[in-house]
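# Chain and residue survey
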Amino acid sequence: MVDAHEYLAHLTEDGRKQTVFDHLTGTASLCSSFAAAFDAEDQGCLTGMAHDIGKYTRAFQCRLHGGPKVDHASAGAFECLKIQQPLAAFAISGHHGGLPDGGGRGDAADTSSFWGRINRASQGKLADYHAWRNELSLPQADLPAFAGKKLDGMFFTRMLFSCLVDADYTDTAAFMDGRPDSPAPALSMEELWCRLQSYISGWFPPKGALNTRRCAILETCVQAGTVFEPGLFTLTVPPGGGKTVASLAFALAQAKARGMKHIIYVIPYTSIIEQTAQTFREILGDENVLEFHSGVLFDQQEDDASSPEAEPLTRSAETWDVPVVVTTAVQFFESLFAFQPSKCRKLHNLAQSVLIFDEAQMLPLPYLRPCVWAISQLVKHYHASAVLCTATQPALDPIFREFAPEIPIQEICPMAEERWESFRRVSFQQAGTLSWTDLAACLQQQEQVLCAVNTRRAAREIFQQLSGPGNFHLSTLMYPAHRRRILDEIRRRLRDGLPCRVVSTSLIEAGVDVDFPAVYRELAGLDSILQAAGRCNREGKRPPENSIVTIFQGEDPPPRLFETSIGAGKIVLNHCRDIASREAVHTYFSTLLDLKGTDAQDAHRILHLMESDFFPFRTVAERFHLIDSPTTTVYVPLEEGAKLVGLLRSGQYSRTLYRRLGQYGVSVYPQHLTALERAGALEHLADGSVVLRDVRLYAEDTGLTLEPGSGNALFCE
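From a predicted model like this one, the values you see are computed outputs, not experimental measurements.

## A few points about the overall build of the protein chain
For the protein chain, the count of helices and strands is 29 helices and 21 strands. The globule rule puts the C-alpha radius of gyration for 717 residues at 27 Å, and the 27 Å found for the protein chain is close to it. Along the longest, intermediate and shortest principal axes, the C-alpha atoms of the protein chain span 85 × 60 × 50 Å. The contacts in the protein chain between residues at least 6 apart in sequence include a share of 77% that link residues at least 24 apart. With an accessible surface of roughly 27900 Å², the protein chain has 50% of that area assigned to carbon and sulfur atoms. Distance between charge centroids for the protein chain: 2 Å, based on 67 positive and 85 negative side chains.

What follows is the structure in structure tokens.
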């Protein structure tokens, strides 16, 4: 046992000891340094110093030797509340089990709410922890003025909680591992800037009219990044204008000029993220880019996340302590509204960062207002820049003005109408309703054509009706490495003038560099139609009048998810002569936002809940799910995937392995997962990963079948 007067925070199997005092001072130092990014060093120091004073008990010392669990978080929360530091108290109360709901002052002492915890402490139901006063005192800490407002204070608490969790885990892991914490080395923004300059050097002087216009956009973005202070920006670039590299150039230029720490690139869907992340790795190097989404990274179990001793294999994934992070809107926003320590740990690294929201028009309507509010918070109070980057700028200005009226929205690359028109490369026509058989016949008549549809089922049915060489299918039922291989073959055939007919879901519409002479697009939102049009005559080598985008109504009713956007799209198609004009685009997004009214932009009343209840962290997290039906990644042991799955089976877990495995993963909805389970087609590994046991269910042309053994269609989107 430990000495009667020695209070320990951690004890290793080989007998090394870390005192509570050493752990508190170490955590306080780290927490203060993290919170400095948003001018809250003193709050960080206080929170870190107070978080584990509940370990100054004999009960916790017994816990270190196998005794029962001890509530050691409520003590620090209670002491902070006594000195009128409620936000630090909230952060401390949840630093293991997650941020609680506030509850009410009358909550019973055995409830899990914040007030339940406080009442447990005030009623003397905690083990005696007062020995802490013999070793330390809590520092004074002024609260930022803005944090006194309810919603602002709730966001600040979450950021402070992030600092505490990261500091606590980091200090604990350093002791348990017996060595100082040392994140993987990464290049500075200045060094990354030099890599970008090297990458684009061959683009100048530009060759051809289209490349000249692209380079002009790139130079404008670089100049803006160098000159502008952090703030709220739009980057509205026509399809084919090179916005991916241009937006990265703006972010690197601003980060270099203003000493900003990270670049976070937020992309709407996993299916779009792969090419962007690969492009950034080619420019900046693998070690400087983190690709973070459900199909790539190890997702630590929450039970483990509550124990700092179980430091995850993917520290960078939890902390985002790399220069450039490429992630999905789901991961980004659900983290901002989460309550779990593991999901919130990275949030403080959003301060002093450039946040780029690619395809910003795809922010989901039911969560639009909470998302815009969160972006506004980061820009207003945490020294972040936010860039709404899209070829079809949504009408979000009124919502941003509501939440951040003091921050002007600046366009990075203002473009006159004639300059915008210079990027026009296609003409549009409408074909009415087409059956899948008639549509396949239309595609069959063309040598090179792309057809984009709304569901994976439709893509497969149309593809299966095509005959002859040069026919391809693309959907998220194919693992990324497979899709990339197919896309390489598609590009080769397009370049060589060979037959090439592609039927795809919407995954091909954004961030995929292909150039077809003709495109068919099933009726969808105008943004999707214009994104599909960006795959037609992409390099401007043909006259617009010879590059036709055909809009058609499919034989299936539209998915419910798309009903609102399709309705707004129909209005524009029926009333605007030129659907690619900026006027039509503005009309579309204004109509989309107006169709269901303001309430539909916060369908789950998340902002109302935050206003009406006392810091309802856990309830908000339960309501905030951008995807109502979460998917599970199934790894397919084909090609290199077979070797990688073998490594996984042997327990060789690493960030690199999970990232490589992501290239052989297919995201499967719950009902589809159940069908595969019933067919005995899946294998569950010790780390929670799921592997396709029966590779016969994965076809070379269409990917994973979701109808094993029954012959009945089990899937739709």
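## Some remarks on the sheet that holds strand β8 (residues 385-390)
One open sheet accounts for seven strands, arranged β5-β6-β4-β7-β8-β3-β9; its pairing is parallel. On the outer flanks of this sheet lie β5 (289-292) and β9 (409-411), each paired with one strand and no other. Taken pair by pair, the neighbouring strands of this sheet meet at an average axis angle of 20°, ignoring direction. Two elements, strand β3 (residues 232-236) and β8, share five bridges in a ladder whose sense is parallel. Counted as the bridge partner of Leu232 is Ala386 from β8. Contacts from helix α14 (residues 329-336) reach β4 (262-267), β5, β6 (324-328) and β7 (353-358) within the one sheet, and its direction differs from that of β6 by about 95°. In the packing of helix α16 (residues 368-381) onto the sheet, the strands contacted are β3, β7 and β8, and the crossing angle to β8 comes to about 135°.

## Considerations on the packing of helix α4 (residues 73-82) against helix α5 (residues 86-93)
At a minimum axis separation of 8 Å, α4 and α5 run at an interaxial angle of 175°. Relative to α5, the element α4 is oriented roughly antiparallel. Contacts between α4 and α5 involve Ala73, Gly76, Ala77, Cys80 and Leu81 from the first element and Pro86, Ala88, Ala89, Ile92 and Ser93 from the second. Along the lines of polarity and charge, the residues of the contact of α4 with α5 split into eight nonpolar, two polar and no charged.

## What about empty space enclosed by the protein?
Tallying each qualifying case throughout the model produces five cavities of 30 Å³ or more. Its boundaries defined by the atoms lining it, the second largest cavity holds a volume of some 50 Å³. Val266, Ile267, Pro268, Ala329, Phe357, Asp358, Glu359, Ala360, Met362 and Leu363 are the residues that line the second largest cavity. Its residues assigned to classes, the lining of the second largest cavity shows eight nonpolar, no polar and two charged.

## Quick word on the pairing of β3
Burial within β3 is extensive, with five of its five residues counted as buried. Of the two faces of β3, the one holding Leu232, Thr234 and Thr236 and the one holding Phe233 and Leu235 are both buried throughout. Two elements, β3 and β9, share three bridges in a ladder whose sense is parallel. Of the residues in β9, the one forming a bridge with Thr234 is Glu411.

## Things to note about the packing of aromatic side chains
For the structure shown, the criterion picks out 32 aromatic pairs. Ring geometry for Phe90 and Phe617: centres 5.5 Å apart, planes at 65°, overall edge-to-face. On the criterion of sequence distance, the pair formed by Phe90 in helix α5 and Phe617 in helix α26 (residues 617-623) is long-range, its members being 527 residues apart. As far as the burial class goes, Phe90 and Phe617 line up, both buried. Judged by centre distance (4.9 Å) and plane angle (25°), the rings of Tyr479 and Tyr698 are stacked. Within this pair, whereas Tyr479 is found in the loop between β12 (471-474) and α21 (480-496), its partner Tyr698 is found in strand β20 (residues 698-699), the two being separated by 219 residues in sequence. Here Tyr479 falls in the buried class, since its relative accessible area comes to 1%.

## A closer look at α14
Among the eight residues in α14, six count as buried, and that is most of the element. Inspection of α14 places Ala329, Phe332, Phe333, Glu334, Ser335 and Leu336 among the buried residues, and these make up the whole buried set. Considering only its buried residues, α14 is in contact with α7 (150-177), β4, β6, α15 (341-344), β7 and α16.

## Here we look at the side chain of Thr276
Inspection of the secondary structure assignment puts Thr276 in helix α11 (residues 270-284). We classify Thr276 as buried; its relative accessible area is 3%. The contact partners of Thr276, leaving out residues within four places of it in the chain, are Thr244, Tyr265, Ile267 and Val326.

## Some thoughts on the sheet that holds strand β19 (residues 690-692)
The sheet built from four strands is open, its strands ordered β17-β16-β19-β18 with mixed pairing. Because the sheet does not close on itself, it has two edges, and the strands there are β17 (665-668) and β18 (682-684). When the angles between neighbouring strand axes are averaged without regard to direction, this sheet yields 35°. Bridging between strand β16 (residues 632-635) and β17 involves four bridges; their strand directions are antiparallel. Looking at β17, one finds that Thr633 is bridged to Ser667.

## Some thoughts on helix α23 (residues 563-575)
Between the first and last C-alpha of α23 there are 19 Å, a value that for 13 residues agrees with the 18 Å anticipated at 1.5 Å per step. The complete set of buried residues in α23 reads Thr564, Ser565, Ile566, Ala568, Gly569, Val572 and Leu573. Tucked into the core, α23 has its buried residues touching β10 (427-433), α22 (526-533), β15 (548-553) and α24 (582-595).

## Description of the confidence of the model for the protein chain
Taken over all residues, the pLDDT of the protein chain has a mean of 89, while the share at 70 or more is 92%. When the criterion is pLDDT under 50, residues 710-717 qualifies, and its contacts beyond four places in sequence or with other chains add up to 22 contacts.

Rules used in this analysis
Residues numbered from 1 in each chain as written. Predicted model: local features only at pLDDT ≥ 70, side-chain atom pairs only at ≥ 80, totals over all residues. Heavy atoms only, no water. Helix = DSSP H or I, 4+ residues; strand = E, 2+ residues; numbered from the N terminus. Rg over C-alpha atoms; globule rule 2.2 N^0.38 Å. Contact = heavy atoms within 4.5 Å. Areas by Shrake-Rupley, 256 points an atom, 1.4 Å probe, with all protein chains shown as cover. Lys, Arg positive; Asp, Glu negative; His and termini not counted. Charge placed at Lys NZ, Arg CZ, Asp CG, Glu CD. Pairing = 2+ DSSP bridges. Axes fitted to C-alpha atoms, helices over the stretch in contact; angles between N-to-C directions. Parallel < 35°, antiparallel > 145°, perpendicular 65-115°, else oblique. Nonpolar A, V, L, I, M, F, W, Y, C, P; charged D, E, K, R; others polar. 1 Å grid on protein atoms, 1.4 Å probe; cavity = no way out; pocket = protein on both sides within 12 Å on 5 of 7 lines; lining within 4 Å. Points joined across faces, edges and corners; volume = space filled by probe spheres on them. Buried < 20%, exposed > 50% of the residue type's maximum accessible area, 1.4 Å probe, protein only. Phe/Tyr/Trp six-rings, centres within 6.5 Å; stacked < 30°, edge-to-face > 60°. Expected span 1.5 Å × (residues − 1). pLDDT = per-residue confidence, 0-100.

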